[in-house]
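# Topology and contacts: notes
Residues per chain are reported as follows:
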Amino acid sequence: MAINRIKLLGIPVDVCPPEDIESQILEILAKPGTNQIVFLSIWDLLKAKNKKSNFKQCLESADLILPISKSILMGAKFLKLNVPIRYNPFSATISILSIMEQHYKSLYLLGSHKKALMQAEKNIRETFPNLQIVGRYVGYYDKNVENNIVQAIYKSSPSLVLISDGIKEKNLWAYNRRNSFATSIFMYYKDSIGIFSDRIRRVKEETFNKGLEIWVQIFHNPLRIFLIFPFMRYLLLLTWYKIFKKK
């Protein structure tokens with residue numbers, strides 16, 4: 001079943017029920033070339049509105065865009081669009097890895113520091129024994145080793161490349177190198193390796209469901225309180241689209 005892609009403030013967002021995730025993953029796996037799954041936050045959506053960034057083009061070429069911010073759902077409802085399903089990125093990552101394991105697919109880990117990466121790999125092997133890990137490389141790497149990383153991913157041709165912290169370009173890393181790979185899905189989730197290595201505590205499901213995870217982030221980094229200003233811009237954009245945007 002084809003997913004429904006809406007445009008929120010001109011930015012693509014997918015409406016994908018959880019029961020359709022497996023079929024979508026398998027459909028993406030069947031595609032040649034560089035494919036991409038994006039966890040879209042409200043801040044990512046606003047970033048895509050920046051004309052100086054090519055992030056909007058990245059999203060438009062992505063195979064699956066799963067919203068993770070409650071504000072995105074609120075915006076879609078306000079503009080009377082189809083309201084997408086909100087995903088917890090950790091739970092979604094577990095589901096995607098489970099699908100990969102059930103179909104005996106492969107995984108490449110990219111990001112974080114060596115100790116965390118090795119511990120994450122160990123824990124993933126124990127949790128998903130039928131998921132083949134075909135390679136790994138740390139984040140925060142020197143630029144002169146990047147060609148080796150790209151070649152390693154190309155040669156191992158993993159079903160999924162899970163990108164974590166330490167990769168400056170985040171979702172754009174795969175997009176900017178999309179012509180360098182054979183056939184793989186790339187998925188960026190900053191905290192993935194940290195959580196899998198037990199070095200980062202994931203947000204409680206109850207907190208996430210209430211949309212209160214921003215307060216956890218502010219607790220760890222008080223400067224994030226200034227995100228109130230881009231959020232106000234988001235509300236103004238929604239109002240402008242509601243009043244002036246042509247049907």
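Quick look at the structure, then.

Rules of the game
Residues numbered from 1 in each chain as written. Predicted model: local features only at pLDDT ≥ 70, side-chain atom pairs only at ≥ 80, totals over all residues. Heavy atoms only, no water. Phe/Tyr/Trp six-rings, centres within 6.5 Å; stacked < 30°, edge-to-face > 60°. Helix = DSSP H or I, 4+ residues; strand = E, 2+ residues; numbered from the N terminus. Lys NZ or Arg CZ within 6 Å of the ring centre and 35° of its normal. Buried < 20%, exposed > 50% of the residue type's maximum accessible area, 1.4 Å probe, protein only. Pairing = 2+ DSSP bridges. Salt bridge = Lys/Arg side-chain N within 4 Å of Asp/Glu carboxyl O.

### Looking at the packing of aromatic side chains
For the structure on display, the rule yields nine aromatic pairs. Ring plane angle 45° and centroid distance 6.0 Å describe the contact between tryptophan 240 and phenylalanine 244, whose orientation is recorded as tilted. Note that tryptophan 240 and phenylalanine 244 are positioned in helix 12 (residues 228–244) at a spacing of four residues, about one turn of the helix. In textbook terms, an aromatic cluster arises when at least three aromatic residues are bridged by ring pairs, as seen for Trp173, Phe181 and Phe186. When the ring centre of phenylalanine 55 is taken as reference, the NZ or CZ atom of lysine 47 above it lies at 4.9 Å.

### Digging into the pairing of strand 2 (residues 11–15)
With five of its five residues buried, strand 2 lies for the most part within the structure. The side-chain alternation of strand 2 yields two buried faces, one formed by Ile11, Val13 and Val15 and the other by Pro12 and Asp14. Relative to strand 2, strand 1 (residues 4–8) runs antiparallel, the two sharing five bridges. Within strand 2, the residue paired with leucine 8 across the bridge is isoleucine 11. Taking the residues that link successive antiparallel strands as the turn, the strand 1-strand 2 hairpin has two residues, and the phi of leucine 9 there is positive, at about 55°.

### Some points on the pattern of salt bridges
If you walk through the whole model with that rule in mind, you get nine salt bridges. Close ionic contact of glutamate 121 with arginine 125 constitutes a salt bridge, the shortest N to O distance being 2.6 Å. Of the two residues, glutamate 121 and arginine 125 both sit in helix 6 (residues 114–127), four residues apart, roughly one turn of that helix. By relative accessible area, which is 6% here, glutamate 121 ends up buried. Residues glutamate 146 and lysine 143 are paired through a salt bridge, measuring 3.6 Å at the closest nitrogen-oxygen approach. Shared partners join several salt bridges into a network, and the residues in it are Lys143, Glu146, Glu169 and Arg177.

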